[in-house]
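# Chain and residue survey
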Amino acid sequence: MKRVAIIGGGIAGLSAAYYLEKMRRNGADLQWVLLEKSARLGGVIATEQHDGFVLEAGPDSFLSIKPDGARLCQELGLGDQLISSNDAGRKTYILVKNRLVPIPQGLEFMVPTRIWPMATTPLFSFATKLRMATEWFTSGNKNAADESVGSFVRRHFGQEMVDRVAEPLLAGVYGGDVENLSVHAVLPRFAEMERESGSLVRATLQAKARARSSAKPGIKSPPLFTSLKNGMQQMVDALISALPKSSIRMQQQNVIVRAAVDDWQVESSGSTEKFQAVILAVPAPSAAALLLEVHPGLTKGLSRIEYTSSAAVALAYTQADLPEGHGFLVPRSEGRKMMACTFVHKKFPHRTPGDAKLLRCFFSSSRIPELLTYSEDDLEKIARKELREILGLASEPLFGRSFRWDRAMAQYETGHLERVAEMERIITGTPGLHIIGNSFHGIGVPDCIKSARLAVEQITSGVSQPAPV
Ligand SMILES: Cc1cc2nc3c(=O)[nH]c(=O)nc-3n(C[C@H](O)[C@H](O)[C@H](O)COP(=O)(O)OP(=O)(O)OC[C@H]3O[C@@H](n4cnc5c(N)ncnc54)[C@H](O)[C@@H]3O)c2cc1C
């Protein structure tokens, strides 16, 4: 029998447990145990219900184009609980000199695809608009080495596009700095477009034309984001319900992993057990610490992956005079602490009672290094002050709630993919070791689920199964 230890009970660890359990119930000769450090499962996924308001402490949704998220929800019987982002009402603003300027239609991330909205938007100066027009003539760059997203966007569209679009958009996703994030790891599609075509504008327009000509009539494109009616916690709860309680051990503060001759020894709560495979489903710094005695090279590589801390402040209002749309992004150059604010009641249905409004403000240690020294009250005060200055929102909220996460957002810095390839070479040469979660190939919820699914496929490929009848 193959025994598997899963260390970490966030979405990655729980998904690994789910896929292993599914194989076990189907007759695979295996057994698994999940060891979680804290007193709760789900990691950064946590939802609070408050008088009809759905408050997300961590992720509020996942990208629909990445299939692993919705597929797992379907398998868990949550198909009828899936909700789509309200893309028809999607309008996002960028704060420019304390004024909210809508992102013009046809700007696809940072690539302009329509002339008139670009020509008329106050988001860009005349010099940047001219730069966008001439980007069409850029030629291919087959051997482009990795570089920062900031440098990549600057080469194509100039500094203003970095400051006003790339920086706030990526800060909203990674809580990080565009001057450090790797273009190969974070924007692989754009890096590929540059290699193939040179011009991102030309490549994007060609891709859109291809998509239009191959579109099947009557088939709607998926929504940008998918979530669950009562919040992302539903996914965690469904996973927990699908797993035997006896295989999950909570509050395992001092897990120690050792490589033995033919197997792995995992020590926790004073006892040592043998396993044939170990899945580390923890953030890279924790994985680095766990592997200290196993492989110093891996520990070094994992320690090189930086994480930023983040905070989300939810503010609920009965009445609030807000602009149309889903919210706004705040460029670093505006000198504010807040990075983004989502108008939750507009982005998703079912998240607020009646006509009430729910705002979710996002902060990161990449902008406020001392972020975690702020109390929940301090964060709420900062959010309310900045909302007053940006939106003129002075009314008293019904309630506020702040959530803080210590080093939870992985930063894929320049050279990330080369370092990951080196670590994966070491892992391949260390039988039974698997690292899943947000350290290597994507920080989104579906990426973490996919990493768990692939690890389980690898682990179970050699496990004996009952013969088909
Ligand atoms: C504020 C915020 C907003 C986000 N928004 C989105 C979003 O909207 N959409 C999206 O797709 N993604 C989003 N993400 C990213 C995504 O949520 C995470 O990357 C993903 O949930 C990470 O899951 P995980 O299981 O890999 O790690 P985690 O959730 O960090 O779980 C790791 C678990 O391991 C445990 N652990 C750590 N060390 C040990 C140890 N030594 N022994 C035992 N247990 C240990 C921890 O206690 C924790 O339970 C967001 C992240 C944050 C922080």
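Definitions and cut-offs
Residues numbered from 1 in each chain as written. Predicted model: local features only at pLDDT ≥ 70, side-chain atom pairs only at ≥ 80, totals over all residues. Helix = DSSP H or I, 4+ residues; strand = E, 2+ residues; numbered from the N terminus. Rg over C-alpha atoms; globule rule 2.2 N^0.38 Å. Buried ≥ 20, exposed ≤ 12 C-beta atoms within 10 Å, placed from the backbone. Contact = placed C-beta atoms within 7 Å. Arc of directions from axis to C-beta. Core = buried A, V, L, I, M, F, W, Y, C linked by C-beta atoms within 7 Å. Axes fitted to C-alpha atoms, helices over the stretch in contact; angles between N-to-C directions. Parallel < 35°, antiparallel > 145°, perpendicular 65-115°, else oblique. Nonpolar A, V, L, I, M, F, W, Y, C, P; charged D, E, K, R; others polar. Pairing = 2+ DSSP bridges. Domains from an automatic or database assignment. Near = placed C-beta within 6 Å. Bend = angle between axes of the 7 residues up to and from the residue. Left-handed = near helix turned anticlockwise from the far one by under 90°.

### A short note on the overall build of the chain
Across its full length, the chain carries 16 helices and 22 strands. Its C-alpha atoms give the chain a radius of gyration of 23 Å, near enough to 23 Å, the size a compact globule of 469 residues would have. With respect to the principal axes defined by its C-alpha atoms, the chain has extents near 65 × 55 × 50 Å. The 469 residues of the chain split such that 45% are buried. Taking the intrachain contacts of the chain between residues at least 6 apart in sequence as the baseline, contacts between residues at least 24 apart amount to 74%.

### A closer look at the environment of Lys-37
By the secondary structure assignment, Lys-37 is in the loop between β2 (30-35) and β3 (47-50). Separated by 214 residues in the primary sequence, Lys-37 and Gln-251 place their C-alpha atoms 4.5 Å from one another. Contacts of Lys-37, omitting those with residues within four sequence positions, involve Gln-252 and Gln-253.

### Some thoughts on helix α8 (residues 188-197)
Since one α-helical turn is 3.6 residues long, residues separated by three or four positions face the same way. Within α8, burial applies to Phe-190, Ala-191, Met-193 and Glu-194. Summarising the axial view, the buried residues of α8 lie within an arc of 155°, below the 170-degree limit, and thus occupy one face. Seen from the buried face of α8, the exposed residues on the opposite side, beyond 90 degrees, are Pro-188, Arg-189 and Glu-192. Looking at the buried side of α8, the elements it contacts are α7 (183-186) and α9 (200-214).

### Some points on the nonpolar core
Of all hydrophobic cores here, the largest spans 132 residues; its most connected members are Ile-7, Ala-16, Val-278 and Ile-279. A total of 9 residues in this core trace back to one element, the largest contributor, which is helix α1 (residues 11-25). Excluding residues that lie within four positions of it along the chain, Ala-16 makes contacts with Ile-6, Ile-279, Ala-281, Ile-436, Ala-452, Ala-455 and Val-456.

### Section: the packing of α8 against α9
Angle between the axes and distance between the axes: these two values describe a pair of packed helices. For the pair α8 and α9, the least separation of the axes is 9 Å and the interaxial angle reads 100°. Taken as axis vectors, α8 and α9 run roughly perpendicular relative to one another. Residues Phe-190, Met-193, Glu-194, Glu-196 and Ser-197 of α8 lie in contact with α9, whose contacting residues are Leu-200, Arg-202 and Ala-203. Grouping the constituent residues of the contact of α8 with α9 by class yields 4 nonpolar, 1 polar and 3 charged.

### Description of the sheet that holds strand β1 (residues 2-7)
Pairing is parallel in the open sheet, where 5 strands are placed in the order β12-β2-β1-β16-β22. Of all the strands in the sheet, just β12 (248-249) and β22 (433-435) have a single pairing partner and so form its edges. In the sheet, β2 pairs with β12 via 2 bridges, with the strands oriented parallel. When the sheet's bridge partners are listed, Leu-34 is paired in β12 with Ile-248.

### Here we look at the domain arrangement of the chain
Looking at the chain, the domain boundaries give domain 1 (2-41 + 236-305 + 413-460), domain 2 (106-214) and domain 3 (306-411). In this structure, domain 1 and domain 3 have C-alpha centres spaced 33 Å apart. Taken together, the contact between domain 1 and domain 3 spans 8 residues of the former and 7 residues of the latter. Here the residues of the side of domain 1 that touches domain 3 sort into 5 nonpolar, 2 polar and 1 charged.

### What to know about the site of the ligand
Not every one of the 37 residues close to the ligand is listed here, only the nearest: Gly-8, Gly-10, Gly-43, Pro-59 and Gly-437. At the level of secondary structure, the elements contributing two or more residues to the shell around the ligand comprise α1, α11 (284-290), β17 (306-317), β21 (399-411) and α16 (445-460). Among the residues making up the shell around the ligand, the classes are represented as 20 nonpolar, 14 polar and 3 charged. Three or more residues apiece are contributed to the shell around the ligand by two domains, here domain 1 (2-41 + 236-305 + 413-460) and domain 3 (306-411).

### Topic: helix α6 (residues 159-174)
Taking the largest bend as the criterion, α6 deviates by roughly 35°, centred on Ala-166, and proline Pro-168 comes between one and four positions later. Of all 16 residues that make up α6, 12 are buried, and the element is covered over most of its length. Backbone geometry just after α6 places Gly-175 at a positive phi near 55°.

### Notes on the pairing of strand β16 (residues 277-280)
Covered by surrounding structure in β16 are Ala-277 and Ile-279 together with Val-278 and Leu-280, the residues of both alternating faces. Judged from the 4 bridges that link them, β1 and β16 form a sheet pairing that is parallel. Across the sheet, Ile-7 pairs through a bridge with Leu-280, a residue of β16. Relative to β22, β16 runs parallel, the two being bridged by 3 bridges.

### Concerning the pairing of strand β8 (residues 99-102)
Here strand β7 (residues 92-96) pairs with β8 via 4 bridges, running antiparallel. The residue bridging Val-96 from the neighbouring strand is Arg-99, located in β8. The loop that links β7 with its antiparallel partner β8 comprises 2 residues; one of these, Lys-97, has a positive phi angle of about 50°.

### A look at the sheet that holds strand β13 (residues 256-259)
Strand order in the open sheet made by the 3 strands is β13-β14-β15, with antiparallel pairing throughout. Sheet topology places β13 and β15 (271-275) at the edges, where each strand pairs with a single neighbour. Taking the axes of each pair of neighbouring strands and ignoring which way they run, one obtains an average angle of 25° across the sheet. Sheet topology note: the β13/strand β14 (residues 264-268) ladder contains 4 bridges and is antiparallel. Directly across from Val-257, in β14, lies its bridge partner Val-266.

### Some thoughts on the packing of helix α5 (residues 149-157) against α6
The contact between α5 and α6 brings their axes to 9 Å, and the two run at 140°. It follows that α5 is oblique to α6 by the angle criterion. In this structure, the crossing between α5 and α6 has a hand that is right-handed. Packed against α5, whose contacting residues are Val-149, Gly-150, Val-153, Arg-154 and Phe-157, the element α6 presents Gln-159, Met-161, Val-162, Ala-166 and Leu-170 at the interface. Its residues assigned to classes, the contact of α5 with α6 comprises 7 nonpolar, 2 polar and 1 charged.

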